[in-house]
Amino acid sequence: MRIKNSHQISKTIKKNPILYLTLIFVWIILTGVFWHFMSRAFGNDGIFTNANVTTPQRIIATVLIAFNSIFISYFWLNGVKDLIYVVWYIFAKKHLSKQYYDIINTDVSRANDRILLVYCTCNDFDGNALRACLRQKYQNYDVVILDDSSSPAYKNKIDQFAKRHNIKVVRRPDRTGFKAGNINHYLMTDECRQNYDYFVILDSDEIIPDNYITECLKYFYAKSNIGIVQANHISTRNKNFFMKLFHIGVNSHWPTYQTMKHFYGFSTMLGHGAMIKNECYYAAGGFPNLVAEDLCLSIEARNQDFLVAFAPNILCSEAYPIDYVAFKKRHSKWTQGNLEFIKKYTGKIIHSKMKWYEKMDIVLFTYNLPLTALFAFYLFLNLIFFPALHINLTSVYQTWMIIPTVVFFFSPTFNDIFTWLFRLNPLRFLLYFFATIILYGSMFTTSLVSAVLGAFGKKAKFIVTPKTTQKMSLGFALKFQFKEIVFSTLLLIISLIFTHSIFPVIIIVATGYLSLCLLFFSNHTYPAKQIKVDDKRTTSTTIKINTAYNYAQRQLRRRRKTVI
C-alpha cells in the first residue's frame, strides 16, 4: 500500500526559465554584434578578389554568406548553452543541492509499494551486475529478466542464473521495437498492470545501490507530479586503458547537466537506472517503439503532466564502452536515434504542453548529432564555393570572430575541464583532454554517414553496445577506420586545392587520422586489484563534489545511530 503524506499532496516540481532567458540574452548580444559586422558583406563587391563581378555571382555570394552566418549563429548558441550550463552549475551547485533536502528527508519507512526490477539483456548478460542489484534493503520487490538474446550460450547462462535466484525469464518470438518492444511486451500484460506500482529499468551492466528503491520512493512521495526518477551514475569496472582514460567523463557529465535540466530545462529518462510510476507508464502508452525510447517516453509522460526527476543522491554505476569499436557503435545508434526522433517528434514537441524553455532544451541537446550533415555542407561552402566565387573570407569575417568560434568549439569540454583540471595528475588530465577531442572529433564521419542515410530513408537501428573486446591489430584498425581515413584524406585534398592550406580542416583531419591510435588503447588491460583501486579513486573524487549525495549519507548515518 502506498503511504500518502503532506509532501505528496502539496508539493510539485517547478522549473525556472531564468537560465534560458540568460542564455538567450547573452546569445542575442553576441550574435547582434556579429550580424552588425556581417551585414556589411551583403551586396558589397569589395569582398571579391575578382574585379569582374556578375549579378548572379553577387546574388549567390550573398545567399551563401547568409547561410554561413546563420550556421555560425546556431553554433554560437550551442556554445553559449554549454558555457552557461557549466558556469551556472559551479556557482549554484550548493544552492540547488539544498533543494533536494526535503526529498531526502521524506519518510518512506512504512512504504510497501510493489516494485518490479526489469533487467533487459540481448547477448550481453552480466550475472555479477544483476546479483548486485538484488541486494535491496526493501522487501516488496520482484525481478524479471527480459531476454532478447539470440546466442544459445547467453540463454543458457540466463536460465541457470534465474533458476538459482528464483527469477522469472521472459522471451518473445521476435525483436520488434528493439528495447522498447522488449519492455512493453511484458509490462503491458495484465500481470504487470495489476501487481506493481513501480518499474525499475536496468541495463545489462547496471548496478544500483542497496537503498535504490527506498531513495527513489522518496521522490515520488515528496513531489506529486513526478512520473519517472532518473538516478545519478558513475562509471566503474574499467578493465583497460581505453575505459580508464575516458570513464571520468561519465562521472562529471551526469551531475552537472542532469541537475541543471532538473531545475531549468527538460529532464529526461536516460535509458537505465530509472524508476517509473505505474500510472505514468500506462498513461504515456508505454515506451514508443523507437531507438531513442527513453527520450520519447519522457515527452509522452510530460504530455500527461508527469515530469522526470533527476536524483543526484542515488548513485548507480555503469560500465564505459569497452573499446573504441563499442563507443563508435553506440555513437552511431545515438545519431540514428536522434534523427528518427526529430522526424517523429518535432511536431509533438511544438504542440506539447511543455514550456518554451523545455522545448528549447530538447532542441539544443538532441538535434545536434544529426545536424552533422549540415556542418559538412558548411565546410564545403568555405572550402569550395567561396574560393570558386572569388570571395575573400578575410574581408567577410572580422578577426575577433575567430575567438568565440574557437571557444565554443571546445565548449563541450568545459565541464570536464572545470571538474578534473585540478583533481587529476596534470599529465593524465592533458592526455584525457586531447584524447577526448580526438575521440569525439573522429565521430564526425560516423555522424555524417548515419545522418545522410537516415535523411534518405534508412530506418534507425537499435545497436546493442558490445560488452566484449578483442586484441586490436593494425590491419583491423585500418579496416575499421577506413571511412574516416578516406574522408579525412579527401577533405585534406579539397582544402589544399581550393584554399592552398590545411588550416581550415586541420582539426577534423587530425582527429580522423589519430583515431587509429584510440583502437589500441583497449589492448592494455589491468588486473582486478588495480581496477578496484582506480575505481575507488575516481569515485571518491566524484562523491566529494556531490553535495546532495553527501547530505543523504549523513542523514542515513544519523538514522542508523538513532535506531541503535
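Rules and cut-offs
- Residues numbered from 1 in each chain as written.
- Predicted model: local features only at pLDDT ≥ 70, side-chain atom pairs only at ≥ 80, totals over all residues.
- Heavy atoms only, no water.
- Axes fitted to C-alpha atoms, helices over the stretch in contact; angles between N-to-C directions.
- Helix = DSSP H or I, 4+ residues; strand = E, 2+ residues; numbered from the N terminus.
- Parallel < 35°, antiparallel > 145°, perpendicular 65-115°, else oblique.
- Left-handed = near helix turned anticlockwise from the far one by under 90°.
- Contact = heavy atoms within 4.5 Å.
- Nonpolar A, V, L, I, M, F, W, Y, C, P; charged D, E, K, R; others polar.
- pLDDT = per-residue confidence, 0-100.
- Patch = residues over 30% accessible without salt bridge, like charges linked within 9 Å, V, L, I, M, F, W, Y side chains within 5 Å.
- Areas by Shrake-Rupley, 256 points an atom, 1.4 Å probe, with all protein chains shown as cover.
- Salt bridge = Lys/Arg side-chain N within 4 Å of Asp/Glu carboxyl O.
- Buried < 20%, exposed > 50% of the residue type's maximum accessible area, 1.4 Å probe, protein only.
- Core = buried A, V, L, I, M, F, W, Y, C linked by side-chain atoms within 4.5 Å.
- 1 Å grid on protein atoms, 1.4 Å probe; cavity = no way out; pocket = protein on both sides within 12 Å on 5 of 7 lines; lining within 4 Å.
- Points joined across faces, edges and corners; volume = space filled by probe spheres on them.
- Expected span 1.5 Å × (residues − 1).
- Bend = angle between axes of the 7 residues up to and from the residue.
- Pairing = 2+ DSSP bridges.
- Phe/Tyr/Trp six-rings, centres within 6.5 Å; stacked < 30°, edge-to-face > 60°.
- Lys NZ or Arg CZ within 6 Å of the ring centre and 35° of its normal.

### Topic: the packing of helix α13 (residues 293-303) against helix α14 (residues 324-350)
The contact between α13 and α14 brings their axes to 12 Å, and the two run at 15°. It follows from the interaxial angle that α13 and α14 lie roughly parallel. Considering how the two elements wind past one another, α13 and α14 form a crossing that is left-handed. Of the residues in α14, those touching α13 at Leu295, Cys296, Ile299 and Glu300 are Phe341, Tyr345, Lys348 and Ile349. Tallied by class, the residues present in the contact of α13 with α14 amount to six nonpolar, no polar and two charged.

### Thoughts on the confidence of the model for the protein
For the protein, the average pLDDT comes to 91, and 97% of its residues sit at 70 or higher. Note that residues 1-10 has pLDDT below 50 and, in this model, 24 contacts with residues that lie over four places away or in other chains.

### Points about a nonpolar patch on the surface
A cluster of nonpolar side chains, namely Phe409, Leu496, Ile502, Phe503, Ile506 and Ile507, defines an oily patch on the protein surface of about 550 Å² accessible area. For Ile506, the location among the structural elements is in helix α24 (residues 506-519). Of the residues examined, Ile506 reaches a relative accessible area of 36% and is grouped as partly exposed.

### A few points about the nonpolar core
The biggest cluster of nonpolar side chains holds 115 residues, and the ones touching the most others in it are Ile115, Tyr212, Ile213, Leu217, Tyr219, Phe246 and Met275. Ranked by residues supplied to this core, first place goes to helix α3 (residues 55-98) with 14 residues. Sequence-distant contacts of Ile115, defined by excluding residues within four places in its chain, comprise Tyr138, Asn140, Tyr141, Asp142, Tyr196, Tyr198, Val200, Ile213, Leu217 and Met275. Residues Ile228, Tyr282, Ala284 and Val308 belong to the second largest nonpolar core, which totals 27 residues.

### What to know about the environment of Leu519
Relative to the assigned elements, Leu519 resides in helix α24. Setting aside residues no more than four positions away along its own chain, Leu519 makes contact with Tyr324, Val325, Met472, Phe476, Ala477, Phe480 and Gln481.

### Looking at empty space enclosed by the protein
Gaps left between atoms are located by rolling a probe of water-molecule size over the structure's atoms. Enumeration over the complete set of coordinates arrives at three cavities of 30 Å³ or more. The calculated volume of the largest cavity comes to roughly 60 Å³. Lining the largest cavity, in full, are Tyr89, Lys93, Leu96, Ser97, Tyr100, Pro255, Thr259, Pro312, Ile545, Asn546, Thr547 and Ala548. Listing elements by their share of the lining of the largest cavity, those giving two or more residues are α3, α11 (248-264) and α26 (547-563).

### With respect to α24
Since the α-helix turns once every 3.6 residues, residues separated by three or four places project in the same direction. In a regular helix each residue adds 1.5 Å, so 14 residues correspond to 20 Å; α24 covers 21 Å between its end C-alpha atoms and thus fits that length. Approximately 30° is the largest bend angle found in α24, and it occurs at Tyr513. Among all positions in α24, only Ile508, Val509, Thr511, Gly512, Ser515, Leu516, Leu518 and Leu519 are buried.

### Things to note about the layout of surface pockets
Reported here for the second largest pocket is a volume of approximately 1200 Å³. Lining of the second largest pocket is provided by 35 residues; of these, Tyr378, Asn382, Thr405, Phe503 and Pro504 occupy positions nearest its centre. Going through the elements one at a time, α3, α16 (372-388), α17 (393-396), α18 (402-409), α23 (482-499) and α24 are the ones with two or more residues in the lining of the second largest pocket. A total of six residues in the lining of the second largest pocket trace back to one element, the largest contributor, which is α16.

### Observations concerning the sheet that holds strand β3 (residues 168-170)
Pairing is mixed in the open sheet, where seven strands are placed in the order β3-β2-β1-β4-β6-β5-β7. Edge positions in the open sheet fall to β3 and β7 (307-318), since each of these has one partner strand only. The average angle at which neighbouring strand axes cross in this sheet is 25°, direction not considered. Taken together, the three bridges between strand β5 (residues 226-235) and strand β6 (residues 274-277) define a ladder with antiparallel strand orientation. Paired with Gln230 across the strands is Ala274, a residue of β6.

### Topic: the environment of Thr445
Note on placement: Thr445 falls in helix α21 (residues 444-455). Each C-alpha atom of the pair Thr445 and Glu484 lies 5.9 Å from the other, and the pair is 39 residues apart in sequence. Excluding anything up to four places from it in sequence, Thr445 contacts Lys483, Glu484 and Phe487.

### With respect to the packing of aromatic side chains
Across all of its chains, the model carries 41 aromatic pairs by this definition. For the ring pair Phe67 and Phe377, a centre distance of 5.2 Å and an interplane angle of 70° mean the geometry is edge-to-face. In this pair, Phe67 is assigned in helix α3 and Phe377 in helix α16, connecting sequence segments 310 residues apart. Taking the relative accessible area as the measure of exposure, Phe67 reaches 25% and is therefore partly exposed. Seen from their ring centres, Phe433 and Phe434 are 5.3 Å apart, and the 80° between their planes marks the pair as edge-to-face. Using a relative accessible area of 48% as the deciding quantity, one classes Phe434 as partly exposed. One aromatic cluster in this structure is built from Phe34, Trp35, Phe37, Trp76, Trp400 and Phe408. The ring of Phe365 carries the charged tip of Lys81 above its face, separated from the ring centre by 4.0 Å. Sitting above the plane of the Tyr320 ring, Arg330 keeps its charged end 5.9 Å from the centroid.

### Regarding unusual backbone geometry
With a phi close to 60°, Arg237 is a non-glycine residue in the positive phi region. With respect to the secondary-structure elements, Arg237 resides in the loop between β5 and α10 (241-246). We classify Arg237 as partly exposed; its relative accessible area is 21%.

### Digging into the pattern of salt bridges
Tallying each qualifying case throughout the model produces 20 salt bridges. Salt-bridge contacts for Asp102 lead to Lys11; the nearest nitrogen and oxygen are separated by 3.6 Å. Note that Asp102 is positioned in helix α4 (residues 101-104) and Lys11 in the loop between α1 (6-10) and α2 (18-38), a separation of 91 residues in sequence. Overlapping salt bridges, with partners in common, bring together Lys11, Asp102 and Lys223 in one network.

### Overview of the packing of α3 against α18
Running from amino to carboxyl end, α3 crosses α18 at an angle of 55°, the nearest separation of the two axes being 9 Å. On the basis of the axis angle, α3 is oblique to α18. For the pair α3 and α18, the crossing hand works out as left-handed. Touching Phe75, Trp76, Gly79 and Val80 of α3 are Pro404, Thr405, Phe408 and Phe409, all from α18. Residue composition of the contact of α3 with α18, grouped by class: six nonpolar, two polar and no charged.

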